Amino acid sequence: MSAPVVQGWCPGAHRPMMSGDGLVVRVRPRLARLSAEQTRGLCELAEQFGNGTIDLTNRANLQLRGVKEDDHQALLAELAALNLLDAEPGIEMRRNILVSPLYRSGDRTAHLTQELIDRLEELPTLPAKFGFAIDTGPKRLLAADSADIRVEAGTDGLILRADGAKTGCRVTETNAIDRLIALAGWFSERFTSETRRMARVAATQDLPAEWQGSAPGDIGTPPQPGVCDLGVLYGAVFGQLPARQLSDLIADSGASALRVTPWRLILLEGGAAIQAPDFVIDGTDPLMTTDACPGAPFCPQAQVETRDVARILAAQIPGSLHVSGCAKGCARLGPANVTLVGNDGRFDLVKNGRAGDEPSQRGLTPETLMTMDLT
């Protein structure tokens, strides 16, 4: 198997990425939220320009797949008309902001996120995948999700923390974004082509005492599908949102907006709970602990088809399952109880690890996997 190519950047809207079925065009919802009108409009664009499915990524972004190169500029014009696109490509690429999605309008999470969006031009030069997390609720919900600088709840107030550091520094709602920009500047002066993420820089260089000292607060449990104070949460199998069904769900539930999460969940803001067979409504469904990338032929680096195998094996494996088309493991950052990695048309098996880890068995066919005890 040839080594997978790590791109070092994520697709955007202005700068899409070519995949096996066409361009991947990423939309970054501001404050993790699209109005009902924007959601229906994006669904129409997924059918008009893409493959009819919207991907929900583990960075809480939305992606249209299968876009033809000749249609890219027309798609950008439609996204701009929906106010889902920054006119300046550089600003759009910097808007890597993960937001705890259970915020309320006008609270400090919403306020700090909006201030960061408004001040993106003040950030220094940063690597393409560098991102931020605003996680200021009573308990931290984004601790396990990818970010380089975090504004989050501490044990004694709000803190700013470099990813990889055990502690952060105390900040207030007034100065938090000022301090975030300053910490980004410290990183910008030190990162190299080998250390493009904060955790790597913090591990190899002494983080100044001014950025440390205050412990982060308790970690909360991410929500599950079902009714919540803000509306209704639905699960997206493999992070896929069928566009026509999503548009119908928004309309039929009476939701005023869609919020996205990094946990393969969507929140219908103000929506009523209705039957939705194309989405997961049961938090115990094993598909909610199963990850699978698009696989072959949709990704040129994938060595196998993935999602049919994942659907079949999900119910057979207690705990988490990750089926990856190659060793990059894009669909799941952390370890899984069982990880299957595509390798020249077959699968390698990793127990309690990640896609890039050393497998315990190699060369397994889908038929063999169906009869094996993988626990």
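Residues numbered from 1 in each chain as written. Predicted model: local features only at pLDDT ≥ 70, side-chain atom pairs only at ≥ 80, totals over all residues. Heavy atoms only, no water.

Asks: Explanation requested: the overall build of the protein in the structure shown.
Replies: In terms of regular secondary structure, the protein is built from nine helices and 20 strands. For the protein, the spread of C-alpha atoms along the three principal axes comes to 55 × 45 × 40 Å. Here the protein, with 375 residues, has 55% of them falling under the buried criterion. The long-range fraction of contacts in the protein, counting pairs at least 24 apart against all pairs at least 6 apart in sequence, stands at 61%. (Helix = DSSP H or I, 4+ residues; strand = E, 2+ residues; numbered from the N terminus. Buried < 20%, exposed > 50% of the residue type's maximum accessible area, 1.4 Å probe, protein only. Contact = heavy atoms within 4.5 Å.)

Asks: Would you mind showing me how to read the pairing of strand 17 (residues 321-324) here?
Replies: Every regular strand shows the same layout, with side chains that alternate between the two sheet faces. By the alternation rule, side chains of strand 17 split into L321 and V323 and H322 and S324, which are all buried. Between the parallel pair strand 16 (residues 290-292) and strand 17, the chain is carried across by helix 8 (residues 307-314), and the sense of this crossover is left-handed. Taken together, the four bridges between strand 17 and strand 18 (residues 336-343) define a ladder with parallel strand orientation. Counted as the bridge partner of S324 is V341 from strand 18. (Right-handed = clockwise from strand over helix to strand, strands pointing away. Pairing = 2+ DSSP bridges.)

Asks: How should I be thinking about the environment of P262 in this particular structure?
Replies: For P262, the location among the structural elements is in the loop between strand 14 (257-260) and strand 15 (265-269). Along the primary structure P262 and F132 are separated by 130 residues, whereas in three dimensions their C-alpha atoms are 13 Å apart. Leaving out residues up to four positions away in the same chain, P262 has contacts with T57, N58, A60, L98, L142 and D145.

Asks: I keep staring at the pattern of salt bridges and nothing clicks. Help me out?
Replies: Pairing is possible between side chains that carry opposite charge, provided their charged atoms lie close to one another. As enumerated under the stated definition, the model contains 23 salt bridges in all. A salt bridge links E269 to R33, with the nearest nitrogen and oxygen atoms 3.0 Å apart. With E269 in strand 15 and R33 in strand 3 (residues 33-35), this residue pair connects regions lying 236 residues apart in the sequence. Residue classification places E269 among the buried residues on the basis of a relative accessible area of 14%. R119 is the partner of E115 in a salt bridge, and the nearest nitrogen-oxygen pair spans 3.0 Å. (Salt bridge = Lys/Arg side-chain N within 4 Å of Asp/Glu carboxyl O.)

Asks: Honestly, the environment of L374 in this entry has me stumped. Any pointers?
Replies: Checked against the element boundaries, L374 lands in the segment after helix 9 (366-371). As for L374 and Q316, which are separated by 58 residues in sequence, their C-alpha atoms are 8.2 Å apart. Aside from chain neighbours lying at most four places away, what touches L374 is L313, I317, V338, L349, K351 and L369.

Asks: Just to check I follow, could you spell out the packing of helix 1 (residues 36-49) against helix 7 (residues 243-253) for this structure?
Replies: A pair of packed helices is captured by two measures, namely the crossing angle of their axes and the spacing between those axes. Following both chains from N to C, one finds helix 1 and helix 7 inclined at 160 degrees, their axes separated by 8 Å at the closest point. Regarding the angle of helix 1 to helix 7, the classification is roughly antiparallel. Note that helix 1 runs across helix 7; the crossing there is left-handed. Only A243, R244, L246, S247 and I250 of helix 7 make contact with helix 1, whose side of the interface consists of A36, T39, R40, C43, A46 and E47. (Axes fitted to C-alpha atoms, helices over the stretch in contact; angles between N-to-C directions. Parallel < 35°, antiparallel > 145°, perpendicular 65-115°, else oblique. Left-handed = near helix turned anticlockwise from the far one by under 90°.)

Asks: Which parts of the structure should I look at to understand the side chain of T195?
Replies: Tracing the backbone shows T195 in the loop between helix 5 (176-188) and helix 6 (198-204). With relative accessibility at 14%, the residue T195 sits in the buried group. Side-chain polar atoms of T195 contact the backbone nitrogen of T192, separated by 3.0 Å. Aside from chain neighbours lying at most four places away, what touches T195 is F187, R190, R200 and V201. (Polar contact = N/O pair within 3.5 Å; in protein donor to acceptor, adjacent residues only side chain to side chain.)

Asks: Help me understand helix 4 (residues 108-118), please; the structure alone is not making it clear to me.
Replies: A turn of α-helix holds 3.6 residues, and therefore any two residues three or four places apart point the same way. Where helix 4 is concerned, the buried positions are T109, A110, L112, T113, E115, L116 and I117. Buried positions along helix 4 lie against strand 6 (97-99), strand 7 (132-135), strand 8 (149-154), strand 9 (157-162) and helix 5. Between a side-chain oxygen at the N-terminus of helix 4 and the backbone nitrogen of T109 the separation is 3.2 Å; the capping residue is D107.

Asks: Please explain the packing of aromatic side chains as it appears in this structure.
Replies: For any pair of aromatic rings, the description consists of the separation of the ring centres together with the inter-plane angle of the planes. For the coordinates displayed, the defined rule picks out four aromatic pairs. Ring centres of F130 and F187 lie 4.6 Å apart, and the angle between their planes is 40 degrees; on these two criteria the pair is classed as tilted. Residue F130 is located in the loop between helix 4 and strand 7, and its partner F187 is located in helix 5; the two are separated by 57 residues in the primary sequence. Neither F130 nor F187 differs from the other in exposure class; each is buried. Within the aromatic cluster, the residues linked to one another by ring pairs are F130, F132, F187 and F191. When the ring centre of Y103 is taken as reference, the NZ or CZ atom of R259 above it lies at 4.0 Å. (Phe/Tyr/Trp six-rings, centres within 6.5 Å; stacked < 30°, edge-to-face > 60°. Lys NZ or Arg CZ within 6 Å of the ring centre and 35° of its normal.)

Asks: Help me understand helix 5 in this model?
Replies: Taking 1.5 Å as the rise per residue, helix 5 with 13 residues should run 18 Å; its terminal C-alpha atoms sit 18 Å apart, in good agreement. Among the residues of helix 5, A176, I177, L180, I181, L183, A184, G185, W186 and F187 are the ones counted as buried. The elements touched by buried residues of helix 5 are helix 4, strand 7, strand 8, strand 9 and helix 6. (Expected span 1.5 Å × (residues − 1).)

Asks: How do you make sense of unusual backbone geometry when you look at a structure like this?
Replies: The bulk of non-glycine residues show a negative phi, and the bulk of peptide bonds are trans. A cis amide bond links A296 to the next residue, P297, at an omega of 0 degrees. You will see that A32, though not glycine, has its phi angle at about 55 degrees, which is positive. The residue A32 is located in the loop between strand 2 (22-27) and strand 3 in this model.

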